[in-house]
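Reading the structure
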Amino acid sequence: MNYYIDFDNTLYETAKLTKLLLETISKEICNYVEEDFCHVLNYAKENFNSTTDNIFSFSESMSKKYNVNPQIVLQSVNKVIDNGKDIVFEDAKRFLERLKDNGDKCFILTFLSNNNQEYQMKKILGSGLAKYFDGIILTTQYKFLLDIKYENGIFIDDDPRDLNGLFEQNPIKVIRIRKPNNKRSKIELENKEIEEYECFDDIKLSEV
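Reading the values: rules and limits
- Residues numbered from 1 in each chain as written.
- Predicted model: local features only at pLDDT ≥ 70, side-chain atom pairs only at ≥ 80, totals over all residues.
- Heavy atoms only, no water.
- Buried < 20%, exposed > 50% of the residue type's maximum accessible area, 1.4 Å probe, protein only.
- Helix = DSSP H or I, 4+ residues; strand = E, 2+ residues; numbered from the N terminus.
- Contact = heavy atoms within 4.5 Å.
- Core = buried A, V, L, I, M, F, W, Y, C linked by side-chain atoms within 4.5 Å.
- Expected span 1.5 Å × (residues − 1).

Listed in full, the buried residues belonging to helix H6 (residues 117-127) are Tyr119, Gln120, Lys122, Lys123, Ile124, Gly126 and Ser127. Among the structural elements, helix H1 (14-32), helix H3 (55-65), helix H4 (70-82), strand S2 (105-111) and strand S3 (135-139) are those in contact with the buried residues of H6. Immediately downstream of H6, the backbone of Gly128 shows phi near 80°, a positive value.

See below:
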């Protein structure tokens, strides 16, 4: 069976990473200038758009604003991303292990903005999950408009837009992961044929 699984907020707690990165940037800046940490952090939170901004260019702009060497801040940013195994949802890792043991094929299917390919790949590699996948599909197009044999796949995602679009492609199954702390989890789906789970452990392979 072919599984196509979303990365951000499905396998990986992206909001947690963003929080850690903004704290890291602010902390490094405050190590070199006399600024209040909370003030710098609040400025970072107010000005960073996690959907479209590139974290590397953002760390550079923050560094320049406070006259700190950008390379020092960037080094700390990369360290956080490269050590991202603790940001993976543990139930997601267990699910991937079950799929691997079952002999299924797995692909990461992840949407990103044009300027974030390097960041996305670093997150995936830093997560330690790449070993579970037969391929990684990075797309700036909607996930349901690609050259994929949707009818032969099972798709797992958190985003209502993608879930609805994927369902229209007549795949074997579409599954929603609805983590409690994910802002998208507040959105109700009208399509009741899309199965919803808070935890990967509740997905039984014998039923999909």
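A few words now on the nonpolar core. Counting residues in each nonpolar core, the largest one holds 48 residues, and the members touching the most others are Tyr3, Leu11, Ile29, Ile55 and Phe95. Apart from the residues lying within four places of it in its own chain, the contact partners of Ile55 are Leu21, Ile25, Phe48, Val77, Ile81, Asn116 and Tyr119. With 13 residues, the next largest nonpolar core counts Leu146, Leu163, Leu166 and Val174 among its residues.

With 19 residues, H1 should reach 27 Å at 1.5 Å per residue; the first-to-last C-alpha distance of 28 Å fits that figure. Burial in H1 covers these residues: Thr14, Leu17, Thr18, Leu21, Leu22, Thr24, Ile25, Ser26, Glu28, Ile29 and Cys30. Check the buried side of H1 and you find it contacts helix H2 (37-47), H3, H4 and H6.

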